[in-house]
Amino acid sequence: MAPTSALRRTDEPPSSTAGTAPKPAPCTSEPRVSRPAPTGLWALIIAGGYAAGLAADAFGVPAPYLLSSLLVGAVLALCGVVRDRLPAPANRASQALVGALMGSYLTPSALLSAAPVALPLTVVTATTIALSVAVAWFLARGGRIGRPSAVLGMVPGGSAAIVTCADELNADVRLVAFTQYLRVGLVATTAPLVAHWMTSASSAAGGHQAAGGGAGSGLLHLVAGSDQLTGLATLAAIAVVGSWAGRRLRVPTPLLIGPMLVALAATLSGAVPGFAPTGVFQNVVFVLVGLDVGVRFTRRTLLSVRRLLPPILLCMTVVCLGCAGLAWVFAGVTSIPFTDAYLATTPGGINAVLAAAVSSHANVALVSTVQSLRLLVVVLVTPLITRRLAAGRPPAPLTA
């Protein structure tokens, strides 16, 4: 998830058109300041997303709180009701809490079980990046999308960090942000459905521990441990310390990876009580994740890229199908369930994939490990690949 400042820039018109249309800039910023009660408005939206999740859960929809809130956010943004991103405090809190949840699944036994698949995992990660770059190269051959924008838009993982470095790599920030979050939205919408279908079709017991749902846990049971106050205090400390450490260490998506690393250390030590969000608390976190993705799809953004939408969607489909093929190979080589392999290799936002893994009772530790490794590798190698491919070729401007 991208920082608020970077995403606001992506919703503004390009600087090259500023001379002919000076009015849009005030229009995109003034309402955010002058809106009478933004906190109350967002509280209503979050409550509405949660209510939609309850209804979806009653109808048996997979990952109900993620999918329903994503759709609610998208509808509100497309109707013009919401023109802002998710408030920064809520965005930061959801990233940190998801990071802590991911770290809580990486137990010693889970890491040991993932060790034998380290080699095929590395091959799958490298192949996924190579496939994304190859598809981006073909997308840029049409001439309407520059190679930097195409590569940065297509690589899976690290959306926030990728969008942040778009300017430095001479890419169109708005196009990169739209492509990244369109992919995240598509995967967030389809992954729970596909995982649910595969789980139902296989009719396997699964054997993976599900941390979500909150079935049987009361409204006041917010974390996994029995001591709720201590668990909540531990979770708050992990979120704060992890966010600070992530920024200081300059890791990609520091608000997510930092708390994940601190939670991993706490989990491996075995000296801290259960702190993973559960029940109603976890559902609220997934509502925030869904809203954060959904509200990015505004009418202005869709209109500005309408001519590029068909080839972008086609290339995304190729990447998603290619990753599904890699998951099939990965499952065959390692003898792990195909559902786990699919969620581990799918090119979507790590937050959304984690929600799908929890809802489908997949091996969340394996999914988190594979997705986190790919995120780190993508953020490290993408700038180098982009500079190499973009050498000697100027970026193509985004035209409405």
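Keep in mind that what you see is a predicted model, and the values were worked out from it rather than measured.

Requested: an account of the overall build of the chain, with residues and values cited.
In terms of helices and strands, the chain carries 18 helices and zero strands. Classification of the 400 residues of the chain by burial places 52% in the buried group. Within the chain, contacts between residues at least 6 apart in sequence are counted, and of these 79% link residues at least 24 apart. For the chain, the computed accessible surface area is about 17300 Å², with 69% contributed by carbon and sulfur atoms.

Now, about the packing of helix α7 (residues 118-140) against helix α8 (residues 147-154): what can you tell me, with residues and values included?
At their nearest, the axes of α7 and α8 sit 8 Å apart, and the two run at 145° to each other. In this structure, α7 meets α8 at a crossing whose hand is right-handed. Facing α7, whose interface residues are Ser132, Val135, Ala136, Trp137, Leu139 and Ala140, α8 presents Arg147, Ala150, Val151 and Met154. Among the residues making up the contact of α7 with α8, the classes are represented as eight nonpolar, one polar and one charged.

Now, about the UniProt feature "transmembrane region" (unreviewed entry) in the chain: what can you tell me, with residues and values included?
Annotation from UniProt places "transmembrane region" (unreviewed entry) at residues 41-59, 65-82, 94-112, 118-140, 255-274, 280-297 and 309-331. Helix and strand shares over residues 94-112 are 89% and 0% respectively, and the end C-alpha atoms of the span are 28 Å apart. Between the end C-alpha atoms of residues 309-331 the distance is 32 Å, and the span holds 100% helix and 0% strand.

Break down the state of the cysteines for me, with residues and values.
The final tally for this structure, using the stated rule, is zero disulfides. Of all cysteine sulfurs in the structure, the one in Cys320 sits closest to Cys323, which takes part in no disulfide; the separation is 6.6 Å. Here Cys323 falls in the buried class, since its relative accessible area comes to 1%.

An account of the confidence of the model for the chain is requested, with residue identities and associated values reported.
Summing up the model confidence of the chain, the mean pLDDT is 77 and the portion of residues at 70 or higher is 80%. For the chain, per-element mean pLDDT is lowest for helix α2 (residues 24-34), which scores 40, and highest for helix α11 (residues 228-249), which scores 92. The low-confidence segment residues 1-37 (pLDDT under 50) makes 52 contacts with residues lying over four places distant or belonging to another chain. A low-confidence stretch, residues 394-400 stays under pLDDT 50, and its non-local contacts, those more than four residues away or across chains, total 20 contacts.

Which residues make up the environment of Tyr181, and what are the values?
By the secondary structure assignment, Tyr181 is in helix α10 (residues 173-202). Distance from Tyr181 to Gly153, taken between C-alpha atoms, is 8.8 Å for residues 28 residues apart in sequence.

How would you explain the pattern of salt bridges if you had to name every residue and give the values?
Opposite charge on two side chains permits pairing when their charged atoms draw close. In total, this model carries one salt bridge according to the counting rule given. A salt bridge links Asp292 to Arg296, with the shortest nitrogen-to-oxygen separation between them at 2.4 Å. For the pair shown, Asp292 and Arg296 are each scored as buried.

How would you summarise the environment of Val381 if you had to cite specific residues and measurements?
Summarising the element assignment, Val381 is placed in helix α18 (residues 364-390). According to the relative accessible area criterion, Val381 is partly exposed, its value standing at 28%.

So what's going on with unusual backbone geometry? Residues and values would help.
Even without being a glycine, Ser335 presents a positive backbone phi close to 65°. If you trace the backbone, Ser335 turns up in the loop between α15 (309-334) and α16 (338-345).

Provide a residue-level description of the side chain of Thr345, including the pertinent values.
Its location among the elements puts Thr345 in helix α16. Owing to a relative accessible area of 3%, Thr345 belongs among the buried residues under this scheme. Among the polar contacts listed, one links the side chain of Thr345 to the backbone oxygen of Cys323, at a separation of 3.5 Å.

Give a description of the packing of helix α13 (residues 279-294) against helix α17 (residues 350-359) that names residues and reports values.
Between α13 and α17, the least distance of the axes is 10 Å, while the angle of their chain directions is 140°. Comparing their axes, α17 and α13 come out oblique. Handedness of the crossing formed by α13 with α17: left-handed. Contact residues: α13 offers Gln282, Phe286 and Val289, while α17 offers Asn351, Ala352, Ala355 and Val358. Grouping the amino acids of the contact of α13 with α17 by side-chain chemistry returns five nonpolar, two polar and no charged.

Now, about the nonpolar core: what can you tell me, with residues and values included?
Ranked by internal contacts, the top residues of the largest apolar core, which has 106 residues, are Met154, Ile312 and Leu343. In terms of residue count, α10 provides more of this core than any other element does, 13 residues in total.

Describe in detail α17, supporting the description with residues and values.
Taken across its 10 residues, α17 has nine buried, putting it largely inside the fold. Two residues or fewer past α17, His361 is found with a positive phi of approximately 60°.

Just give me the short version of α7, but keep the residues and values in it.
The terminal C-alpha atoms of α7 lie 33 Å apart, and with 23 residues this matches the ideal 33 Å at 1.5 Å per residue to within 8%. Three or more residues of α7 are buried, namely Pro120, Leu121, Val124, Thr125, Thr128, Ile129, Ser132, Val133, Val135, Ala136, Leu139 and Ala140.

So what about a nonpolar patch on the surface? Which residues, and what values?
Taken together, Trp328, Val329, Val333 and Phe338 make up a surface patch of nonpolar side chains, about 430 Å² in accessible area. Top element by residues in the nonpolar patch is α15. It accounts for three residues. Tracing the backbone shows Phe338 in helix α16. Using a relative accessible area of 30% as the deciding quantity, one classes Phe338 as partly exposed.

How would you explain the packing of aromatic side chains if you had to name every residue and give the values?
In the structure shown here, the tally under the stated rule is four aromatic pairs. For the ring pair Trp137 and Phe138, a centre distance of 5.1 Å and an interplane angle of 80° mean the geometry is edge-to-face. Ring plane angle 40° and centroid distance 6.3 Å describe the contact between Phe338 and Tyr342, whose orientation is recorded as tilted. With a gap of four residues between them, Phe338 and Tyr342 both fall in helix α16, about one helical turn apart.

Rules of the game
Residues numbered from 1 in each chain as written. Predicted model: local features only at pLDDT ≥ 70, side-chain atom pairs only at ≥ 80, totals over all residues. Heavy atoms only, no water. Helix = DSSP H or I, 4+ residues; strand = E, 2+ residues; numbered from the N terminus. Buried < 20%, exposed > 50% of the residue type's maximum accessible area, 1.4 Å probe, protein only. Contact = heavy atoms within 4.5 Å. Areas by Shrake-Rupley, 256 points an atom, 1.4 Å probe, with all protein chains shown as cover. Axes fitted to C-alpha atoms, helices over the stretch in contact; angles between N-to-C directions. Left-handed = near helix turned anticlockwise from the far one by under 90°. Nonpolar A, V, L, I, M, F, W, Y, C, P; charged D, E, K, R; others polar. UniProt positions renumbered as here; feature names shortened; annotations may be inferred. Disulfide = S-S within 2.5 Å. pLDDT = per-residue confidence, 0-100. Salt bridge = Lys/Arg side-chain N within 4 Å of Asp/Glu carboxyl O. Polar contact = N/O pair within 3.5 Å; in protein donor to acceptor, adjacent residues only side chain to side chain. Parallel < 35°, antiparallel > 145°, perpendicular 65-115°, else oblique. Core = buried A, V, L, I, M, F, W, Y, C linked by side-chain atoms within 4.5 Å. Expected span 1.5 Å × (residues − 1). Patch = residues over 30% accessible without salt bridge, like charges linked within 9 Å, V, L, I, M, F, W, Y side chains within 5 Å. Phe/Tyr/Trp six-rings, centres within 6.5 Å; stacked < 30°, edge-to-face > 60°.

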